[in-house]
Amino acid sequence: MLTNLTPQPADKILALMQMFREDPRKAKIDLGVGVYRNAEGVTPVMRAVKTAERTLVETQGTKAYTGLAGDPAFAKSMMGLILGDAVDADRTAAIATPGGTGAIRQGLELMRYADKGATIWLSTPTWPNHPSIVKYLGVPMKPYRYFDNATRSVDFAGMLADLAEAKAGDLILLHGCCHNPTGANLTPDQWGQVADLLEKTGAIPFVDIAYQGFGDGLEEDAFGPRLLAKRMPEMIVAASCSKNFGVYRERTGLLMALAPNAEAKAQTQATLNFLNRQNYSFPPDHGARVVQMILDDPAMRADWQSELEDVRLGMLALREQLAGELRQRTNSDQFDFIAHHRGMFSRLGISEDKVTQLREEHGIYMIGDSRMNIAGLNKETVPLLAEAIVAVGV
Ligand code: LMR
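Conventions used here
Residues numbered from 1 in each chain as written. Predicted model: local features only at pLDDT ≥ 70, side-chain atom pairs only at ≥ 80, totals over all residues. Heavy atoms only, no water. Pairing = 2+ DSSP bridges. Helix = DSSP H or I, 4+ residues; strand = E, 2+ residues; numbered from the N terminus. Axes fitted to C-alpha atoms, helices over the stretch in contact; angles between N-to-C directions. Contact = heavy atoms within 4.5 Å. Domains from an automatic or database assignment. Buried area = accessible area lost by both parts, 1.4 Å probe. Buried < 20%, exposed > 50% of the residue type's maximum accessible area, 1.4 Å probe, protein only. Phe/Tyr/Trp six-rings, centres within 6.5 Å; stacked < 30°, edge-to-face > 60°. Lys NZ or Arg CZ within 6 Å of the ring centre and 35° of its normal. Near = heavy atom within 4 Å. Polar contact = N/O pair within 3.5 Å; in protein donor to acceptor, adjacent residues only side chain to side chain. Areas by Shrake-Rupley, 256 points an atom, 1.4 Å probe, with all protein chains shown as cover. Nonpolar A, V, L, I, M, F, W, Y, C, P; charged D, E, K, R; others polar. Patch = residues over 30% accessible without salt bridge, like charges linked within 9 Å, V, L, I, M, F, W, Y side chains within 5 Å. Salt bridge = Lys/Arg side-chain N within 4 Å of Asp/Glu carboxyl O. Disulfide = S-S within 2.5 Å. Core = buried A, V, L, I, M, F, W, Y, C linked by side-chain atoms within 4.5 Å. Parallel < 35°, antiparallel > 145°, perpendicular 65-115°, else oblique. Left-handed = near helix turned anticlockwise from the far one by under 90°.

Student: Quick question: what am I supposed to make of the sheet that holds strand β4 (residues 141-145) here?
Tutor: Strands belonging to one sheet form pairs held by backbone hydrogen bonds; the direction of such a pair is parallel or antiparallel. With mixed pairing, the seven strands of this open sheet are ordered in space as β2-β10-β9-β8-β7-β3-β4. At either margin of the open sheet sits one strand with a lone partner, and together these are β2 (92-97) and β4. Recorded for the sheet is a direction-independent mean angle of 20 degrees between the axes of neighbouring strands. With respect to the sheet, helix α3 (residues 72-83) is in contact with β2, β8 (204-209), β9 (235-240) and β10 (253-258), its orientation differing from that of β10 by roughly 75 degrees. Helix α9 (residues 262-279) rests against β2 and β10 of the sheet, and its axis sits at about 15 degrees to β2.

Below is the structure:
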């Protein structure tokens, strides 16, 4: 049996992570995988996470199973964080999942269960694991235009034109904020226009939100999902706590499904519980409990928010610095988009050959489509990157 196995397509983000690890050069810069790193290159455990974990060690009396949906208190706090007062608890089913990827997977399984014929529309480009999971599950998919490589901004006219073709009941995968891999995001007005279009076509938003707090702020980054939650009869939201709580390896995520009424919500909840049971039974609890403790305790929450804000502002400063260095070196504003993008990533918009050259000649690792993780930089490495970009001649 096992001799029948053939290689699966490599995940380009994880392959690059491995390549970086194996590179013996000392002076190398990792702008690959989307993991936050501080100026010392460390991915720290956030202060509030440490506080909550200490409390948990002291107070947790059992590690017996939670419910199939995970701890309802986690779902409630996360719904508040993401959807604010737009959340209608009577209509929202939710399950804890192993990370944001687990939430995406369960959301797609839910979709497949509810309507086998529905197509999911993915932005071009999108996080490579999106089409990979969609394909794995055999869900029909279509692309929609999103990024204009010439201006390095959202091709909004193209996006609207493509999404106008979606049928009622199709799902539209939207990045809630901080688009991965481009860093180019919808404005509040554009979110409104997307909502208008969805109302017209009857297509359903499937929001992936993995970077809340990394863009313009916790509230600002939730603008799109909240607007949709207020207006749409149905919506799926896959959320990750990996980045904004820094709990990557704890696998902490939430899948929410907004149903049109309480009856549909009950059936949706039962189906989600069933899907958890089939895939891994009870979802992981440690990270979820830590997140819930932080969100529900005013002091821990304030500490978390303040540290998250420092992370966000640090990335913005690096963006400004890099755009400035490139402005100076190229005597042009062609790289100013780096300062306008938001979140952890920007797509530089250079060819794959130039990306290879940056890696081989300068030890700078970015994804082949020229996505760079801004948090992989620090004040000292920004000029090195700018110098290398100019040297490879983009
Ligand atoms: C990324 O896009 O780099 C992150 O979301 C990490 C991952 O799992 O790919």
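Student: In this structure, what is going on with the domain arrangement of the chain? I would like to understand it.
Tutor: Quoted interface sizes are often the accessible area lost when the parts come together. Along its sequence, the chain is carved into domain 1 (10-45 + 301-391) and domain 2 (65-296). Inter-centroid distance (C-alpha atoms) of domain 1 to domain 2 is 26 Å. Taken residue by residue, the interface counts 26 residues in domain 1 and 30 residues in domain 2. Buried surface at the junction of domain 1 and domain 2, both sides included, amounts to about 2400 Å², of which 59% is carbon and sulfur. If you sort the residues of domain 1 by the area they bury against domain 2, Arg301, Trp304 and Arg347 come out on top, with a joint share of 27%.

Student: What should I look at first to understand the environment of arginine 277 in this one?
Tutor: Summarising the element assignment, arginine 277 is placed in helix α9. Arginine 277 gets classed as partly exposed once you look at its relative accessible area, which sits at 48%. For the pair formed by arginine 277 and alanine 69, sequence separation is 208 residues and the distance between their alpha carbons is 9.1 Å. Setting aside residues up to four positions removed in sequence, arginine 277 forms contacts with Leu68 and Phe282.

Student: Which parts of the structure should I look at to understand the packing of aromatic side chains?
Tutor: To describe a pair of aromatic rings, one takes the distance between the centres and the angle between the planes. Applying the stated criterion to the full structure yields seven aromatic pairs. A connected cluster of aromatic rings, assembled from ring pairs, spans Tyr211, Phe214 and Phe345. Here lysine 28 stacks its cationic end above the ring of phenylalanine 20, 4.4 Å away from the centre of that ring.

Student: Honestly, the site of the ligand in this entry has me stumped. Any pointers?
Tutor: Around the ligand sit Ile13, Val33, Gly34, Trp127, Asn180, Tyr211, Lys243 and Arg371, and that is every residue in its neighbourhood. Glycine 34 places a polar main-chain atom, nitrogen or oxygen, 2.7 Å from an oxygen atom of the ligand. The contact in question runs from an oxygen atom of the ligand to an N or O atom on the side chain of tryptophan 127, over 3.0 Å. Coverage of the ligand by the protein chains reaches 80% of its 260 Å² of free accessible surface. When grouped by side-chain class, the residues that make up the shell around the ligand number four nonpolar, two polar and two charged. For the shell around the ligand, the domains that each give at least three residues are domain 1 (10-45 + 301-391) and domain 2 (65-296).

Student: Could you clarify how one ought to interpret a nonpolar patch on the surface in this entry?
Tutor: Together, Met1, Leu2 and Leu5 line one region of the surface with nonpolar side chains, adding up to about 430 Å² of accessible area. Tracing the chain through its elements places methionine 1 in the segment before α1 (12-22). A relative accessible area of 78% places methionine 1 in the exposed class.

Student: Honestly, the state of the cysteines in this entry has me stumped. Any pointers?
Tutor: Here, the word disulfide means a covalent bond between the sulfur atoms of two cysteines. Taken as a whole, this structure holds zero disulfides when the rule is applied. Free of any disulfide, cysteine 177 has its nearest cysteine sulfur in cysteine 178, 3.7 Å distant. Taking relative accessible area as the criterion, cysteine 177 reaches 7% and is therefore assigned buried. Cysteine cysteine 241 shares no disulfide, and the gap to the nearest cysteine sulfur, in cysteine 177, comes to 13 Å.

Student: Is there a simple way to think about the nonpolar core in this case?
Tutor: For soluble globular proteins, the rule of thumb is that nonpolar side chains tend to be buried together. Counting residues in hydrophobic clusters, the biggest one holds 126 residues, and the most contacted among them are Met78, Ile120 and Trp304. No other element matches the eight residues that helix α11 (residues 298-330) contributes to this core. Setting aside chain neighbours within four positions, we find methionine 78 in contact with Ala239, Cys241, Leu254, Val291 and Leu295.

Student: Explain the pairing of strand β7 (residues 171-175) here, please?
Tutor: Sheet faces and side chains relate simply in a regular strand, where the side chains alternate between the two faces. Extensive coverage of β7 is indicated by the burial of five of its five residues. Side-chain alternation along β7 places Leu171, Leu173 and His175 on one buried face and Ile172 and Leu174 on a second face that is also buried. As paired elements, strand β3 (residues 120-124) and β7 share two bridges and run parallel to each other. Its bridge partner lying in β7, isoleucine 120 is registered against leucine 171.

Student: Sorry, what's going on with the packing of helix α10 (residues 286-296) against α11 here?
Tutor: Relative orientation and spacing of two packed helices are given, respectively, by the angle between their axes and the distance between those axes. Here α10 crosses α11 at 100 degrees, and the two axes come no closer than 5 Å. Considering the angle they form, α10 stands roughly perpendicular to α11. Facing α10, whose interface residues are Met293, Ile294, Leu295 and Asp296, α11 presents Pro298, Met300, Arg301 and Trp304.

Student: Looking at this model, I keep getting lost on the side chain of glutamate 109. Mind explaining?
Tutor: Within the element layout of this structure, glutamate 109 appears in helix α4 (residues 99-114). A distance of 3.3 Å separates a polar atom in the side chain of glutamate 109 from a polar atom in the side chain of asparagine 279. Among residues more than four places away in sequence, those in contact with glutamate 109 are Leu137, Leu275 and Asn279.

Student: Just to check I follow, could you spell out the packing of α11 against helix α14 (residues 381-391) for this structure?
Tutor: Orientation of α11 relative to α14, taken along the N-to-C sense of each, is 40 degrees, at an axis distance of 9 Å. Compared by their axis directions, α11 and α14 come out oblique. For the pair α11 and α14, the crossing hand works out as right-handed. Here Leu318, Gln321, Leu322, Glu325, Leu326, Arg329 and Thr330 of α11 come into contact with α14, specifically with Val382, Pro383, Leu385, Ala386, Glu387, Ile389 and Val390. Residue classes in the contact of α11 with α14 are distributed as nine nonpolar, two polar and three charged.

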